[in-house]
Amino acid sequence: MTANHIALIIDDEPDIRELLSITLNRMNIDCKTAGDLETAKKLLSKNKFDICLTDMKLPDGDGVQFISYFQEQFPQIPIAIITAHGSIETAIQALKLGAFDFLIKPVDLPRLRVLIENALKLSGNKTETGKKLIGDSEVIREIRKKIAKLARSQAPIYISGESGVGKELVARMIHEQGPRASARFVPVNCGAIPQDLMESEFFGHIKGSFTGAVSDKEGLFHAADGGTLFLDEIAELPQNMQVKLLRAIQEKTIRSIGAQQESPVDVRILSATHKDLADLVEAGKFRQDLFYRVNVIELFVSPLRERKADIPLLVEHIIKNISSGTGSTYKDISLSDTARDALLNYPFPGNVRELENIIQRAITLCEGGLIDEGDLQLPAINNAESIEKDQEGALDTFLTHLEKEKILAALEQTRWNKTAAAKILGISFRALRYRLEKLGID
């Protein structure tokens, strides 16, 4: 690790400040310490820090309030919370407000070192990524901004949206723009793993631990150690695996089948599903405690029908990728005006994935390098009732997302004081509590 890094440590216990300082000094990091927030703010005004560690409970304030202040004044500096074991929910609240990560007292020094290393990678990490969300609509620009912001955190992210919108692409971009970019991104489709093999796939096994275990096997958590584990279609996990996954996330340790001891893992969890997890929680099909852990922050990816202005750019990108393939016989492919209009008027229930399939098929069928409307072979949209139903569903999804954003904004403005947030929103406390439960907001 290079020299010249400097950390700010805020804790009212001298022994904790000394322990953290010694540990960071051994990592070639200079430290300045403060026993209260007033002293910390003075140090911040006079020094340029690379990272901040702060206790939750301080003589003149609490860490959560300080997070809000810190995000406004020093958004470029990663800040981590140090909390007692019984205050995990408060630490998760801090993550929602922008904290980089959190540590539990008594501080595990190896875990501290990993956190520091990840945080310091942010300053030298390139924001450019090989993966891109194609489009120039306001919706896409907003999603790209959110990705850049979320990439700086270590908080678990739940990526919601319909099938085919590009949730895995969004997850890869969060990984590639974050401090774990040099480590592995491990995607797994939870619905594609047989239930009897699930524990072995996630946590690995030791040779001879069960019939058929002819050699040691590395699980997905070990494969993603130091990097990111993307749990696609997480709603498909059976209840017994939900329990095991929750424990792995909470304890940051796993035990392979047949192993005598647990081993630590440093994995950032990103998850996604096209289903409504909040509804599944209410129906008792998904554990509420796991939902709160994977859904610390939600990122909604809009369906293609809500950003049709991006369709021409997406088509151009798809054609370019297919035409530039090694040995490709498809060169100088273009789209007729009638074909473009047909695409702009089509609702795309399968979203970007469906668009890719349509264009790939059309390239094969077209003559003279010009894709016409007939080459697209779009499904007939004659059922007005079906169209209206699709539109109503899209509107419901949009309004639910909008409501969630408004409530979260009010909660963050009031530092999660629900009574004050209800007043801002103009609803009763009881109504707010009902909406929070319905929307799955903890």
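Residues numbered from 1 in each chain as written. Predicted model: local features only at pLDDT ≥ 70, side-chain atom pairs only at ≥ 80, totals over all residues. Heavy atoms only, no water.

J.: Where do I start with the environment of Asp276 in this structure?
T.: Summarising the element assignment, Asp276 is placed in the loop between strand E13 (268–273) and helix H11 (277–282). By relative accessible area, which is 40% here, Asp276 ends up partly exposed. Taking the C-alpha atoms as reference points, Asp276 and Leu246, separated by 30 residues in sequence, lie 19 Å from one another. From its side chain, Asp276 meets the backbone nitrogen of Asp279 in a polar contact 3.2 Å long. (Helix = DSSP H or I, 4+ residues; strand = E, 2+ residues; numbered from the N terminus. Buried < 20%, exposed > 50% of the residue type's maximum accessible area, 1.4 Å probe, protein only. Polar contact = N/O pair within 3.5 Å; in protein donor to acceptor, adjacent residues only side chain to side chain.)

J.: Looking at this model, I keep getting lost on helix H19 (residues 429–439). Mind explaining?
T.: Note: α-helices contain 3.6 residues per turn, so residues at a spacing of three or four share the same orientation. Turning to H19, its buried residues number three or more, namely Leu432, Leu436 and Leu439. Projected down its long axis, H19 shows its buried positions confined to an angular sector of 80°, all on one face. For H19, the exposed residues lying more than 90 degrees away from the buried face are Arg430 and Glu437. Positive phi appears at Gly440, one or two residues downstream of H19, with a value of about 75°. (Arc of directions from axis to C-beta.)

J.: Any chance you could explain unusual backbone geometry here in plain terms?
T.: Both trends apply: most residues other than glycine have a negative phi, and most peptide bonds are in trans. Cis geometry marks the peptide bond from Lys105 to Pro106, where omega comes out at -5°. Summarising the element assignment, Pro106 is placed in the loop between strand E7 (101–104) and helix H5 (109–124). A positive phi is found at Glu233, a non-glycine position, where the angle reads about 50°. In this structure, Glu233 sits in the loop between strand E10 (228–232) and helix H10 (239–251). You can call Glu233 buried: its relative accessible area is 13%. Of note in this structure, Asn351 is not a glycine but carries a positive phi near 60°. Relative to the elements of secondary structure, Asn351 occurs in helix H15 (residues 351–365).

J.: Would you take a moment to explain helix H7 (residues 167–176) for this structure?
T.: Regarding H7, the residues found buried are Lys167, Val170, Ala171, Met173, Ile174 and His175. Check the buried side of H7 and you find it contacts helix H6 (138–151), strand E8 (157–160), strand E9 (185–189), E10, E13 and strand E14 (297–300). (Contact = heavy atoms within 4.5 Å.)

J.: Got a minute to help me understand the sheet that holds strand E1 (residues 5–10) in this structure?
T.: One key point about sheets: their strands pair by backbone hydrogen bonds, in either a parallel or an antiparallel sense. Spatially, the five strands line up as an open sheet ordered E2-E1-E3-E6-E7, and their pairing is parallel. The open sheet terminates on both sides in strands that have one partner only, identified here as strand E2 (29–34) and E7. The mean angle between the axes of side-by-side strands here comes to 20°, regardless of whether they run parallel or antiparallel. Where strand E6 (residues 79–83) and E7 come together, four bridges link them in parallel fashion. Considered in E7, the bridge of Ile81 is made with Phe102. (Pairing = 2+ DSSP bridges. Axes fitted to C-alpha atoms, helices over the stretch in contact; angles between N-to-C directions.)

Shape descriptors only; they carry no functional weight alone.
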